[in-house]
Amino acid sequence: MKATASSPANIAFIKYWGRKDDKLLLPLSTTNSMNLSNCIATTTVEFSENYSEDTITIVGSNDSTKELKKSDGDKTEMLFNTLERIRTLKKFKLKAKVVSKLNFPFQAGVASSAAGISALVAAGFEAAGLSEKVKDKKELSREVRISGSVSAARSVEDGFTEVVYGETHNDVYVQQIADEKHWDLVDIVAVLNPEAKKMTTTFGHEVAFTSPFMKARVEYLNGIPEQARQAILEKDFDTLATLSEIDSINMHAVMMTSNPAIFYLSAGSMEFIKKVQEWREEGIKVFFTFDAGPNPHLITTSEFAHIIKKKAEEISYTQFTIYNEPCKGTQIIQDHLF
Ligand code: DP6
């Protein structure tokens, strides 16, 4: 009872922040994103009587490893709960060994959870013989979502995707906007020197409504994901740039004004915001967007990607960059990790 899945992280253009329901992880709007070709997790899950307890090991591209413990945090607890949910569905008691390998450095502050959670859920269900849930992308995305992350649910489909807004568990699922060959967008992630310890997104979602700006965010979002979807379909870079930068800043304004305040952006992030504005004035097509961390995602087209990579690496705050193109979503593969 062994299966392996690969799945990418993604970068959101219109972001998910705050929830309608903390248990079912129901977002407050549709959110959309692009899969990232060089931020991929490959995960093997085996259920066997050889194991006396569930173990989850993460291996980074630099071969650093980490054993996850249920007590590590909400997201890890939810992953262990997913293994339990699979056992309950299939009515067996076998424990699982899970190994997840990332193709980018672990602990670099790059969102590995979307890749890791989606790959683990797909491999886990497949290993248990629940492949009908894996083949049905909408259903897989629901399972991924309730396993810990709305953003991870977007990684299930190929290319440019969205998780749609809905009132119930069944109504919130992934759908494709366009496949990975649709548009030659590139996301250069500049990994900056780490500063303060990261506040978890789980906590951030829970306190989002303590910000007086959160209500305004929900109102402003009305119609925005649809405009971003249209910009992606029409390959309208300038519109996507405007919508996406506004959305990222809007989300960070909510984060910074919640109680307690959450500061993900650093001095290095601010330096990049200034630089992106300068680069645009030089005629380069580029925009920035930040998730729950200081690392700028520099979205550009293949024409300007190499110059942006070079410029990003020249900035003193940058440790290294990761070059990403749109790519396929979650897939079952035949090469097991063990
Ligand atoms: C800021 O709880 O879905 O990245 O913490 O990455 O697992 P992870 O994700 P989740 O919150 C993501 C929040 C975000 C915006 C986004 O990707 O939509």
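Residues numbered from 1 in each chain as written. Predicted model: local features only at pLDDT ≥ 70, side-chain atom pairs only at ≥ 80, totals over all residues. Heavy atoms only, no water.

### Focus: the site of the ligand
Basically, it comes down to this: The criterion for a residue being near a molecule or strand is simple. One of its heavy atoms has to lie within 4 Å of it. Whenever two N or O atoms come within 3.5 Å, that pair is a polar contact, provided that in protein one can donate a hydrogen and the other can accept it, and provided that, for residues adjacent in sequence, both atoms are side-chain atoms. Only the protein chains shown count as covering a residue, and every accessible area follows the Shrake-Rupley method with a 1.4 Å probe. Residues are grouped as follows: Ala, Val, Leu, Ile, Met, Phe, Trp, Tyr, Cys and Pro are nonpolar; Asp, Glu, Lys and Arg are charged; all remaining types, including Gly, are polar.
Neighbouring the ligand are 14 residues, the closest being Lys75, Ser113, Ser151, Arg154 and Thr201. Take serine 113: an N or O atom from its side chain is 2.5 Å from an oxygen atom of the ligand. About the coverage of the ligand: the protein hides 95% of its 450 Å² of free accessible area. In terms of residue class, the shell around the ligand is made up of five nonpolar, five polar and four charged.

### Considering the pattern of salt bridges
Basically, it comes down to this: Any carboxyl oxygen of Asp or Glu within 4 Å of a side-chain nitrogen of Lys or Arg constitutes a salt bridge here. Under the DSSP-based scheme used, a helix requires at least four consecutive residues in state H or I and a strand at least two consecutive residues in state E, with every element numbered from the N terminus. Only protein chains enter the accessibility calculation, which uses a 1.4 Å probe; a residue whose area is less than 20% of its type maximum is buried, one above 50% is exposed, and one in between is partly exposed.
Scanning all chains against the criterion turns up 23 salt bridges. Between arginine 87 and glutamate 84 there is a salt bridge, with the nearest N and O atoms lying 3.0 Å from each other. Here the residue arginine 87 and the residue glutamate 84 both occupy positions in helix α1 (residues 74–90), the gap between them amounting to three residues, near one helical turn. Judged by relative accessible area, arginine 87 falls into the buried class, the value being 4%. Among the ionic pairs, glutamate 282 bridges to lysine 311, the shortest N-O distance being 3.2 Å. Taken together, the residues glutamate 282 in the loop between α10 (267–281) and β11 (286–289) and lysine 311 in helix α11 (residues 302–314) connect sequence positions 29 residues apart. Taken together, the salt bridges that share partners define one network made up of Arg85, Lys133, Glu139, Arg142 and Glu143.

### Remarks on helix α4 (residues 137–146)
Short version of the rule: By definition in these notes, contact holds between two residues if any of their heavy atoms fall within 4.5 Å.
Within α4, eight of the ten residues are buried, which leaves the element mostly enclosed by the surrounding structure. Glu139, Leu140, Ser141, Arg142, Glu143, Val144, Arg145 and Ile146 are the residues of α4 that are buried. The inward-facing, buried residues of α4 abut β3 (26–27), α1, α2 (113–127), α3 (131–135), α5 (150–153) and β9 (174–178). Between the side-chain oxygen of the N-cap and the backbone nitrogen of lysine 138 there are 3.2 Å, and the N-cap of α4 in question is aspartate 136. Two residues or fewer after α4 comes glycine 148, characterised by a positive phi angle close to 140°.

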